Amino acid sequence: MSYQKSDRIIPKRKHKLKKLPPVSKNLLIVVIMLMVFGTVAIFSATSPDGIAIANNPLYYPIRHIVFCIIGIITMLWASKFPYTRWKKYVVPFATGVIVAIALTLVPGIGKTDYGASRWLVIGPLQIQPSEFCKFACILRMATALSQIKNTLWTPLFKKHVFIILIMAFIIFKQPNMSMLIMLFSTCAGMTFAAGLNPAIFLMGAGGAVVGITALIFKSAYQSTRIIGWLHPELDPQGAGYNILQSWYAIASGGFFGAGLGASKQKLYYLPVGYTDFIFSVIAEELGFIGISVLIMLFILFITLGFKVAARCKDPFGRLMAFGIVFCIGFQAVTNMCVASGVFPVTGVTLPFISYGGTSFIATSLMVGVLFNISRYGKRKERKPEGGQISEQPQT
């Protein structure tokens, strides 16, 4: 028996990668511009400290670029990870964050600076795990609020609030009042956005304000900050020093600024000029024009982010998008108000602009999730035969 080769050619199968829906292009452009703006600002604001620490003006910019690379990778991953799957990881993520912030209070593991134990030291790395509390709270609130309708007093909501209160208690023990205010404000904003009774929102917000105010005045350190904010001229070398130096920087900038790199206040007059008060350094170097551009970028980010939330068909995605935009926007406004003297000194950084690896990566994670919601949140599945169009997001 003879075997003959068949002349039939079997075509090879082509495996096509599934093309993902595009993210919001305008929002992506704004985020990239904020990252570039922050990198330039850090390059200018950190040069004196870099020379003093490592005799290298690029010491902090190089580290910041490394954080940017990690943050961008995190953002890309989160933008491709379907946001609906985060429901499965609400409990593990929150548990990991609670363990991490609790470890900051353990002697030998946590690091204490300026009277606060907020950092974990792992080899050459220094991590501030409380930054991830923001996303953990947003996840838990979005999960709870998307499943309730008329009242907050349900076992599900109480369960999620209990976990958030555990986070808040540990953060209070660090202490980190600015993070407490941010978490409670974000939770209150999400409750209001969920469409619940405004009276519930007002009662919760009022209770939070009263509680935080009592805690502030109970602490001698925090009450001194408040007095220094209200009357900085009474203690210009103590409690009022930061605000006065920040004012000098902003006033010196004028309309056009002194020029990039020409700030005098960053030469050890303005403490932490590359984190808490980087807005003041930008105002001194780039003037009213520079800070107007920066403020406009944040306004665009908030506007475009809320559009993503409004277009999302899924309640969970809509609330999570709102919480992310509200949290980042509230943090930016708080930092600018602190630098301007409108709010007391809180230690809140400016998102994407201030130096800080953990803050940058945590913010990148949240923005990546926002990008994913812009991919899938407004999509509708194909109309099934004889049925109606489904508005459930694709996963």
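Residues numbered from 1 in each chain as written. Predicted model: local features only at pLDDT ≥ 70, side-chain atom pairs only at ≥ 80, totals over all residues. Heavy atoms only, no water.

1. Some thoughts on the overall build of the chain
Piece 1. For the chain, the count of helices and strands is 13 helices and three strands.
Piece 2. For the chain, with 395 residues in total, the buried portion stands at 48%.
Piece 3. In the chain, once contacts between residues fewer than 6 apart in sequence are set aside, the share between residues at least 24 apart is 72%.
Piece 4. Of the roughly 20,800 Å² of accessible surface on the chain, a fraction of 66% belongs to carbon and sulfur atoms. (Helix = DSSP H or I, 4+ residues; strand = E, 2+ residues; numbered from the N terminus. Buried < 20%, exposed > 50% of the residue type's maximum accessible area, 1.4 Å probe, protein only. Contact = heavy atoms within 4.5 Å. Areas by Shrake-Rupley, 256 points an atom, 1.4 Å probe, with all protein chains shown as cover.)

2. With respect to the side chain of Asn 176
Piece 1. Take Asn 176: it is sitting in the loop between α6 (155–173) and α7 (177–193).
Piece 2. The exposure class of Asn 176 is buried, given its relative accessible area of 1%.
Piece 3. Discounting chain neighbours no more than four positions away, the residues touching Asn 176 are Arg 118, Gln 128, Ser 130 and Ile 171.

3. Comments concerning the nonpolar core
If you look at soluble globular proteins, the nonpolar side chains tend to sit buried side by side.
Piece 1. Within the largest apolar cluster, 95 residues are counted, with the highest numbers of intra-cluster contacts made by Trp 86, Phe 135, Leu 294, Met 320, Ile 324, Leu 350 and Ile 353.
Piece 2. Non-local contacts of Ile 324, meaning those with residues more than four positions away in its chain, are made with Phe 135, Ile 138, Met 366, Val 367, Val 369 and Leu 370. (Core = buried A, V, L, I, M, F, W, Y, C linked by side-chain atoms within 4.5 Å.)

4. Observations regarding the packing of helix α1 (residues 25–45) against helix α3 (residues 59–80)
Piece 1. α3 packs onto α1 with a crossing angle of 165 degrees between their chain directions and a minimal axis gap of 10 Å. When the axis of α1 is compared with that of α3, the two are roughly antiparallel. Relative to α3, α1 is oriented so that their crossing is right-handed. Within the contact between the two elements, α1 uses Val 31, Met 35, Gly 38, Thr 39, Ile 42 and Phe 43 and α3 uses Pro 61, His 64, Cys 68, Ile 72 and Met 75.
Piece 2. Taken together, the residues of the contact of α1 with α3 sort by class into eight nonpolar, three polar and no charged. (Axes fitted to C-alpha atoms, helices over the stretch in contact; angles between N-to-C directions. Parallel < 35°, antiparallel > 145°, perpendicular 65-115°, else oblique. Left-handed = near helix turned anticlockwise from the far one by under 90°. Nonpolar A, V, L, I, M, F, W, Y, C, P; charged D, E, K, R; others polar.)

5. Re the sheet that holds strand β2 (residues 116–122)
Piece 1. Overall, antiparallel pairing links the three strands, which are arranged β1-β2-β3 in an open sheet. This sheet does not close on itself; its edge strands, each paired only once, are β1 (110–113) and β3 (125–127). Neighbouring strand axes in the sheet, compared pairwise and without regard to direction, differ in orientation by 40 degrees on average. (Pairing = 2+ DSSP bridges.)

6. Side note on the packing of α1 against helix α2 (residues 47–54)
Piece 1. The geometry of α1 relative to α2 is characterised by a closest axis approach of 5 Å and an angle of 55 degrees between their N-to-C directions. Considered as vectors, α1 and α2 are oriented oblique to each other. Residues Phe 43, Ser 44 and Ala 45 of α1 form the contact with α2, whose participating residues are Ser 47, Pro 48 and Asp 49.
Piece 2. For the contact of α1 with α2, a count of residues per class yields three nonpolar, two polar and one charged.

7. Some remarks on the packing of aromatic side chains
Given two aromatic rings, their pairing is described by the distance between the two centres and the angle made by the two planes.
Piece 1. Counting across every chain of the model gives 19 aromatic pairs.
Piece 2. Pairing Tyr 60 with Tyr 274 gives two aromatic rings, centres 5.0 Å apart and planes at 35 degrees, and the pair type is tilted. Placement of Tyr 60 in helix α3 and of Tyr 274 in the loop between α10 (241–253) and α11 (278–311) is noted, with a sequence separation of 214 residues between them.
Piece 3. Judged by its relative accessible area of 9%, Tyr 60 falls in the buried class.
Piece 4. Ring geometry for Tyr 83 versus Phe 316: centroids 6.4 Å apart, planes at 20 degrees, classification stacked. Highlighted residues: Tyr 83 in the loop between α3 and α4 (90–103) and Phe 316 in helix α12 (residues 315–340), separated in sequence by 233 residues. Of the two residues, Tyr 83 and Phe 316, neither departs from the other in class, the shared state being buried. (Phe/Tyr/Trp six-rings, centres within 6.5 Å; stacked < 30°, edge-to-face > 60°.)

8. Quick look at the pairing of β2
Piece 1. For β2, a buried count of five out of seven residues is recorded, marking the element as mostly surrounded by other parts of the structure.
Piece 2. Bridge count between β2 and β3: three bridges; the pairing is antiparallel. Its bridge partner being in β3, Ile 122 is matched across the sheet by Leu 125.
Piece 3. Connecting β2 to the next strand, β3, in antiparallel fashion are two residues, including Gly 123 with a positive phi near 65 degrees.

9. Focus on unusual backbone geometry
Piece 1. The omega angle of the peptide bond from Gln 174 to Pro 175 is -10 degrees, so this bond is cis rather than trans.
Piece 2. Position of Pro 175 relative to the elements: it lies in the loop between α6 and α7.
Piece 3. Its identity as a non-glycine residue notwithstanding, Asn 55 has a phi of 55 degrees, on the positive side.
Piece 4. Tracing the sequence through the fold places Asn 55 in the loop between α2 and α3.
Piece 5. If you check the backbone angles, Phe 352 has positive phi at about 70 degrees while not being a glycine.

10. Details of the confidence of the model for the chain
Piece 1. Considering every residue of the chain, the mean pLDDT works out to 83; 82% of them sit at 70 or more.
Piece 2. Put simply, helix α8 (residues 198–218) is where the chain has its lowest mean pLDDT, 66, and α11 is where it has its highest, 95. (pLDDT = per-residue confidence, 0-100.)

11. A short note on helix α13 (residues 357–376)
Piece 1. Here α13 is 20 residues long and its end C-alpha atoms lie 29 Å apart, about the 28 Å a rise of 1.5 Å per residue gives.
Piece 2. Buried residues dominate α13, accounting for 20 of its 20 residues. (Expected span 1.5 Å × (residues − 1).)

12. Focus: α7
Piece 1. Between its first and last C-alpha, α7 extends 24 Å over 17 residues, near the 24 Å set by a 1.5 Å rise per residue.
Piece 2. Extensive coverage of α7 is indicated by the burial of twelve of its 17 residues.
Piece 3. Buried within α7 are the following residues: Met 177, Ser 178, Met 179, Leu 180, Met 182, Leu 183, Thr 186, Cys 187, Ala 188, Gly 189, Met 190 and Thr 191.
Piece 4. Phi for Gly 195, located one or two positions after α7, is positive at around 85 degrees.

13. Examining the side chain of Ser 79
Piece 1. In this fold, Ser 79 is placed in helix α3.
Piece 2. Among the polar contacts made by the side chain of Ser 79, one reaches the main-chain carbonyl oxygen of Leu 76 at a distance of 2.7 Å.
Piece 3. With residues up to four places along the chain from it excluded, the contact list for Ser 79 reads Gly 368, Phe 371, Asn 372 and Arg 375. (Polar contact = N/O pair within 3.5 Å; in protein donor to acceptor, adjacent residues only side chain to side chain.)

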